[in-house]
Amino acid sequence: MAVLAKIRQRSALLIGVIALALFAFIIQDLIGKGTFSQSSKDVGSIDGKDISFEDFRVKVSNVEKSGQGISSTEAANRVWDQEVSIALLSAQFDKLGLRVGEKHLIEVLKSDPNIGKNPMFLNAAGVFDVAKFKNYVNTTPDAKQYIADKEKDAGLNAKYQIYNTLVKSGLYTTASEGKFKYEMEANKVNFAYAAGLYSSIKDSEVKISDSDIVDYMKKNEKKFKADETREIQYVLVEDKASKEDEAEIKARITALLSGSVVYNAKTGKNDTLAGFRNATNIAEFVNANSDIPYDSTYVAKNSLPAVDADKLFSLPAGAIYGPYVYGKYYAISKSLGFKAGVNAKASHIVIGYEGSQTQNPKEKRTKEEAKAKAEEILAQVQANPDSFMMLAFTSSDDASAQQGGDVGYFGQNQLPSALKPFNDFVFNNGIGKIGLVETPFGFHIIKITDKQDGIRLATIAQKIEPSEATSDKVFTLATKFEMQAADKDFNATAKELGLKVAAPVSAKAMDEAFGPLGNQRNIVRWAFDKETSIGDVKRFELANIGHVIAQYKSENKSGLVSVSLARPYVEPILKNKKKAEMLKAKMTGSSIEAIAKSVGVAVQQAANVTLDNPVLPGGVGQEPKVVGNAFALSPNKVSAPIEGNTGVYVVKNISTVKAPALANHAEYVAKVKAQSASDASRILPALKNNAKIEDNRLQFNY
C-alpha cells in the first residue's frame, strides 16, 4: 500500500510525456463543486460530442484542489481546454485507426519515476520488471483499480505519441527547397529606385472610418476571429486615505517618539510612560504600536526603502529617523547598531559522485575520484583565481554552473542545514578566500566574492488607510453616482460629480481579468448574465480598492474583434493603402529620374541585395516586394509602381548576379528543415479553428 500511496503522489505522470499537457488529469475523488443554477447535463460540445457537466465539474474541483492556488474560473478554463484538445485529437486518432498495445501502455506508465524506478518493480540488474509490476497490481485491489482508471489516459498518451511521430515524419524538406534557400541567400541584385514614402503624406489627410475597419476584418476574417464580447465602461471611486487622514496618522506616529501621561485607575495617579526614544523594551514597544511586528534581523542597505536607504543606513546606534513613508505605511525607525558581514556572496564548483545529491552530474565517479578532481581544481583556482568562472562553466555539477558558479547573496544560517560546512566556511573567512568543503551534494570549491554589512532597525509602521469618515464619503459618492447613472448619461453624470470614466474593457465570457483592476470575475459574469441589458449600471465593492460602478455599454456578436481593438493594427494598413493610391497618381514619367522628380525625391542606389535579406540602404528597412520585383526585371528595365512596407517604389534593374551552382545543397536543406521544425505544433490550433465548438460554461456560473 505504501507503493500505491507513492504512485498517487505523482498522478500527473502524463504531463512529462506531452509537453502541452493535453492529457494531464488529476486523480478524481468525486468531491463536488457546489450548487449551480442550470439543470442542463452538458457543459458544451465539440463537433457534436457532448461534454457531461458532472464529469467536467469533478475535474474542475480536482484541479482547484491540486495545490496550485488557481481560481475556479481558471480551473474551468484549463479543464475546458483539455477537453477540447482531447476531443479533437481523439477524433483524429479514430480516423487513422490508431491502436495501442500493452507494451506501449507499460512504457507510458513507466515514465512516472515512482513506477518506472520503484525498487519494488526492479530486477537484480536495476531494470524495470513487468512481471513484478503486474503481480503487485493484480494482488493489490486498490492498485488494480487505480491502474485500470489510468490506462485510458495512458492510452491517449500513447496514441498522441504515435500521432505526433506520424505528423513529424510527414514533414520533410526537398533538395529543391534547399536549392531555393541557397539562391535566396547567394543571388544578388543591384538596382536604382525612387521612393514616395507614406510618411510624406500627413495622417490627418487620410481618414479611416469604422466601416473601413470592419470591411478589412471581414476580408481577413481568420486574423480577426474572436469570441463574443461585452464592452464595459466603468468609474473607479477609490477608498483611500485623504490628506487629513494621512496628517492624522503622521501626527499619531510622531507622538510616539515622546513619553505620555496616562491615568492609572489602580493607583489613582497619573503614570508617565516612556516614548519610543526612551523605551527600555524596544520589541514590546514596537509590537504594541506597530502594524508590522518587530524584526530583530540585521538588513543590508539594498534591502532598505530606496528613497530613505542612505539616511537609515547611516543612523548611529540609538538615533531615530522619521516619520517617513514606507510603501503604504508611515514609519519611524530607531537604529540598534551595525554588524559586519551579515550577508555574503560566493561562487562554487561542485564535484559530485555516485550517491551524492548532485543536481546536474556531468559524469559518473566514485567519492574518491570526486575528491581527487576537486583537489585538482582547487589547486588550479588557487594558482589562478581568475580561472574560477570558466572552470565552473566546464566542470561544476551544480545548476549554478551557468552563472559561473555564482550563488548570489545569502544570510548566515539561511542555507539548508545540509550546507552547514559551506555556510561556516563563507562566514568564517574573508572576501577572496578560496577553499574546499564537503556536503551531501559533493565537494565544493568555494570562492568568497563579497560581504555586506547590516543594520538592525526597530521600526514602528502604521498603515496609511482611510478613516471611517472618509470611507463613508466614498461610499456615499459611489452610491450617488450609481443611482444617477442608471437614468442619465453615464459619462455626463461622471463629469458632474468630478469622476473619471476609465477606458472601456472588452471582455469575453470566461475572462477573469478586468483591465487594470486585475481579477474581477464578478463584473464580467454580471455583464454576460441573461438578466443584464445594454445600458445597465451596477456598483461593485472591491476589497482594498474601493467601488467600481460599471455600465454594460455594448456587445459584439459578429465573431470579429471589436473595432476599437482592431483599429491600432488595421488603421495604419488602410492609411498606407490610401496613401499609396495618392502617391501612384503622382508617379508619372518615362524614366526613373522623371518619376523621382514627380514626387520630389532623388534616385537611390541599392547594391548586392538578396531575397533572404531584402533590406534597402539608408535605414529604410525590409522591402521584400521591392527587391523581388528588382530580381524579376531585365537589365535597364523600369518597374511599375510597387506598394511596399514604407512607401511606393519604382525600381530599375542595373544587374543581377547569379550565385555559382552547387552540386549539393544539404547545408541549405538543413536550414529550411530547422525553420519548419515547429510546424507540427500548428495542428491543434488548426483543428480548433475548423471545429464546431459550443461552450455552455456560463450557464453553470463559472
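Conventions and cut-offs
Residues numbered from 1 in each chain as written. Predicted model: local features only at pLDDT ≥ 70, side-chain atom pairs only at ≥ 80, totals over all residues. Heavy atoms only, no water. Helix = DSSP H or I, 4+ residues; strand = E, 2+ residues; numbered from the N terminus. Rg over C-alpha atoms; globule rule 2.2 N^0.38 Å. Buried < 20%, exposed > 50% of the residue type's maximum accessible area, 1.4 Å probe, protein only. Contact = heavy atoms within 4.5 Å. Areas by Shrake-Rupley, 256 points an atom, 1.4 Å probe, with all protein chains shown as cover. Core = buried A, V, L, I, M, F, W, Y, C linked by side-chain atoms within 4.5 Å. Polar contact = N/O pair within 3.5 Å; in protein donor to acceptor, adjacent residues only side chain to side chain. pLDDT = per-residue confidence, 0-100. Pairing = 2+ DSSP bridges.

Caption draft 1: Main features of the overall build of the chain. For the chain, the helix and strand inventory stands at 24 helices and 20 strands. For a compact globule of 702 residues, the expected C-alpha radius of gyration is about 27 Å, and the chain comes in at 35 Å, more than 25% above that figure. Considering only C-alpha atoms, the chain reaches an extent of 110 × 85 × 70 Å along its principal axes. For the chain, the residues scored as buried account for 40% of the 702 residues in total. For the chain, long-range pairs separated by at least 24 residues make up 67% of all intrachain contacts whose partners lie at least 6 apart in sequence. In the structure as shown, the chain presents an accessible area of about 38500 Å², 51% of it carried by carbon and sulfur atoms.

Caption draft 2: Region of interest: the nonpolar core. Counting residues in hydrophobic clusters, the biggest one holds 30 residues, and the most contacted among them are Val43, Phe56, Val60, Leu89, Phe93 and Tyr702. Of all the elements in the fold, those that place two or more residues in this core are β1 (42-46), α2 (53-64), α3 (72-96), α7 (141-169) and α24 (683-690). Looking at this core, the element that brings in the most residues is α3, giving 10 residues. Among the nonpolar cores identified, the runner-up in size contains 23 residues, and Ile201, Met217, Ala566 and Ala580 belong to it.

Caption draft 3: Summary view of the side chain of serine 562. Structurally, serine 562 can be placed in the loop between β14 (546-556) and α20 (563-586). Residue classification places serine 562 among the buried residues on the basis of a relative accessible area of 13%. A polar contact of 3.1 Å, which involves the side chain of serine 562, links it to the side chain of serine 564.

Caption draft 4: Layout of the confidence of the model for the chain. Taken residue by residue, the chain gives an average pLDDT of 89. The fraction at 70 or more is 94%. Between residues 1-39, whose pLDDT stays under 50, and residues either more than four places distant or in other chains, the model counts 90 contacts.

Caption draft 5: Layout of the pairing of β14. By the criterion of burial, β14 is predominantly enclosed, with eight of the 11 residues buried. In terms of strand pairing, strand β4 (residues 229-238) meets β14 through 10 bridges, oriented antiparallel. Following the sheet pairing, glutamine 233 is matched in β14 by glutamine 551. Here six bridges tie strand β13 (residues 537-542) to β14, and the two strands are oriented antiparallel to one another. Bridge pairing in β14 places arginine 539 opposite isoleucine 549. A loop of three residues connects β13 with β14, the two strands running antiparallel in sequence, and asparagine 544 in this loop sits at a positive phi of about 65°.

Caption draft 6: Seen up close, the pairing of strand β10 (residues 434-439). Two elements, β10 and strand β11 (residues 442-463), share six bridges in a ladder whose sense is antiparallel. Within the sheet, the bridge partner assigned to glycine 435 lies in β11 and is isoleucine 446. The hairpin formed by β10 and β11 contains two residues between the paired strands.

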